[in-house]
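Here are the chains, one letter per residue:
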Amino acid sequence: MGGRKDMNMMIACLVVMAVACPSLLNLKGATAVEYVVGDSLGWTVPPNTSFYSDWAASKTFQIGDTVVFNWTETWEHNVGEVASKEEYDNCSDPGIVLGPGVSTELKSTGSRFFICTVGNHCEQGQKVIITVGSPTTTSSLLAPPPSSSHASSLTTTTLGSFVGLISALVAVASFVA
Ligand SMILES: [Cu+2]
């Protein structure tokens, strides 16, 4: 054992881990994001008809993310999912509508269409398209493929090896002490 040199090495390792571990945890959290539709405005009749499309355009949705529809008074709004852009444009009846706080996980690439069927809210712009992945094939070549299962297994592996490192260091530390 080289004494001081080993000790310095160990301190350096601990510093690296102290910096790396929290960022790894952040990375893991970033793989699945919960989006509140409309952010602080929530799900309501928007101030203008492009409000929710502007909101959606400002986000990058990934597989595994969740969208939540929030409003206060149950009877004021609802949310239903229609099957196509045409039904979305026409504010077609989705059949099933749900209450406040409903959330849905984005499980595949493509677009999903959500509307409110109360009054003429949909016509007033209370509708949103959530698109996972690129809408065009050309730009999808530039974007990394959204593969959440791959990303999370990678994170797990990395975290696992860090746990291994920590136990090894603890063993070394108790040996030195
Ligand atoms: Cu509504």
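Residues numbered from 1 in each chain as written. Predicted model: local features only at pLDDT ≥ 70, side-chain atom pairs only at ≥ 80, totals over all residues. Heavy atoms only, no water.

The protein chain has the name Phytocyanin domain-containing protein in an unreviewed UniProt entry, where Malus domestica is given as its organism.

Visitor: Help me understand the coordination of the copper ion, please; the structure alone is not making it clear to me.
Guide: Ideal values differ by geometry: the angle at a metal is 109.5 degrees with four tetrahedral donors, but 90 or 180 degrees with six octahedral donors. Listed as protein donors to the copper ion are H77 (ND1), C116 (SG), H121 (ND1) and Q126 (OE1); their distances from the metal cover 2.0 to 2.1 Å. Metal-centred angles of 93 to 137° between the 4 donor atoms at the copper ion mark the site as irregular. Look at where the donors of the copper ion fall in the sequence and you get H-x38-C-x4-H-x4-Q. One end of the pair, H77, is in the loop between β2 (66-69) and β3 (80-82); the other, C116, is in the loop between β5 (110-115) and β6 (127-132), with 39 residues separating them in the sequence. In this pair, the class of H77 matches that of C116, namely buried. (Donors = N, O, S within 2.8 Å, 3.2 Å for Na, K, Ca; no water. Tetrahedral: all angles 85-135°; square planar, octahedral: opposite > 155°, others 65-115°. Helix = DSSP H or I, 4+ residues; strand = E, 2+ residues; numbered from the N terminus. Buried < 20%, exposed > 50% of the residue type's maximum accessible area, 1.4 Å probe, protein only.)

Visitor: How do you make sense of the packing of aromatic side chains when you look at a structure like this?
Guide: For any two aromatic rings, the description comes down to two numbers: the centre-to-centre distance and the angle of the planes. Scanning the entire structure with this criterion turns up 7 aromatic pairs. Ring plane angle 75° and centroid distance 4.9 Å describe the contact between Y35 and F61, whose orientation is recorded as edge-to-face. One end of the pair, Y35, is in strand β1 (residues 34-36); the other, F61, is in the loop between α2 (51-57) and β2, with 26 residues separating them in the sequence. Residue Y35 shares its accessibility class with F61, and that shared class is buried. Both rings, one in F69 and one in F114, keep their centres 5.1 Å apart while their planes meet at 50°; by these two values the pair is tilted. Of this pair, F69 sits in strand β2 while F114 is found in strand β5, placing the two residues 45 residues apart along the sequence. F114 shares its class with F69; the two are buried. Among the aromatic residues, ring-to-ring pairing joins W43, F51, Y52, F69 and F114 into one connected group. (Phe/Tyr/Trp six-rings, centres within 6.5 Å; stacked < 30°, edge-to-face > 60°.)

Visitor: Even after reading the chapter, I still don't get the side chain of T66, so can you show me in this structure?
Guide: Looking at the secondary structure, you find T66 in strand β2. Taking relative accessible area as the criterion, T66 reaches 18% and is therefore assigned buried. In this view, T66 contacts V33, E34, Y35, S103, T104 and E105; residues no more than four positions away in its chain are not counted. (Contact = heavy atoms within 4.5 Å.)

Visitor: Explain the sheet that holds strand β4 (residues 102-105) to me, please; I cannot follow it from the model alone.
Guide: Note on sheets: strands pair through backbone hydrogen bonds, and any given pair is parallel or antiparallel. Ordered in space as β1-β2-β4, the 3 strands form an open sheet in which the pairing is mixed. The sheet terminates laterally at β1 and β4, the two strands that pair on one side only. Geometrically, the sheet is characterised by an average inter-axis angle of 20° between neighbouring strands, direction not taken into account. (Pairing = 2+ DSSP bridges. Axes fitted to C-alpha atoms, helices over the stretch in contact; angles between N-to-C directions.)

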